[in-house]
Amino acid sequence: MSFDQPALDEMEDVLGVFYGGRGQVGGQLLITNRRLMFGPVDVGLARVLSLEPLAAVGAPGIGIVKAALDAYEPLKQKQIWLRHIKTVEPKGNASLFSPPKIRLTMVTGRSWSMES
């Protein structure tokens, strides 16, 4: 399985790799000495295989479907520089149907929850 991750720079060291979800989409959480990154499952091939045949037969609304998929937040890469994170707190424990969750609070006061 491949993940849509930002590239590491030469001064970054990977400290941990975790697999989980964000919203309804699985992904990879990668922690380096500089940032926390979420790389969603790479759905590029699935997107092409599902939309190209519909476009070939002239199905209406393909552009709208593509735009909706492009705008769907859980399918986007996320990265947060560690210097911007003020606190990391547990938000919930793992269960049979759910991974553990954490809440990040940024130096700006904004909170962001994610599954790990």
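In case you missed it, the structure is sitting above this.
Residues numbered from 1 in each chain as written. Predicted model: local features only at pLDDT ≥ 70, side-chain atom pairs only at ≥ 80, totals over all residues. Heavy atoms only, no water.

Peer 1: Talk me through the overall build of the protein chain; I want residue IDs and the actual numbers.
Peer 2: A count of helical and extended segments in the protein chain gives two helices and seven strands. Counting across all 116 residues of the protein chain, residues that qualify as buried make up 27%. If you take every contact in the protein chain between residues at least 6 apart in sequence, the share linking residues at least 24 apart comes to 41%. Per element, the accessible surface of the protein chain, about 7,500 Å² overall, is 60% carbon and sulfur. (Helix = DSSP H or I, 4+ residues; strand = E, 2+ residues; numbered from the N terminus. Buried < 20%, exposed > 50% of the residue type's maximum accessible area, 1.4 Å probe, protein only. Contact = heavy atoms within 4.5 Å. Areas by Shrake-Rupley, 256 points an atom, 1.4 Å probe, with all protein chains shown as cover.)

Peer 1: I'd like a rundown of the nonpolar core, residues and numbers included.
Peer 2: Soluble, globular proteins show a tendency: their nonpolar side chains are buried together. Listed in full, the nine residues of the largest apolar core are L29, L36, F38, I80, I85, L104, M106, W112 and M114. Elements with a contribution of two residues or more to this core: β3 (35-40), β6 (101-106) and β7 (111-115). In this structure M106 touches I80, H84, I85, K86 and W112, once residues within four positions along its chain are discounted. (Core = buried A, V, L, I, M, F, W, Y, C linked by side-chain atoms within 4.5 Å.)

Peer 1: Tell me about the side chain of T32, and please be specific about residues and values.
Peer 2: Note that T32 resides in strand β2 (residues 25-32). When sequence neighbours within four positions are dropped, the list of residues in contact with T32 reads L8, E12, D13, V14, L15, M37 and L82.

Peer 1: Describe the environment of K101, and please don't skip the residues or the numbers.
Peer 2: When you line up the elements, K101 lands in strand β6. Each C-alpha atom, one on K101 and one on K91, is 5.1 Å from the other, the two residues being 10 residues apart in sequence.

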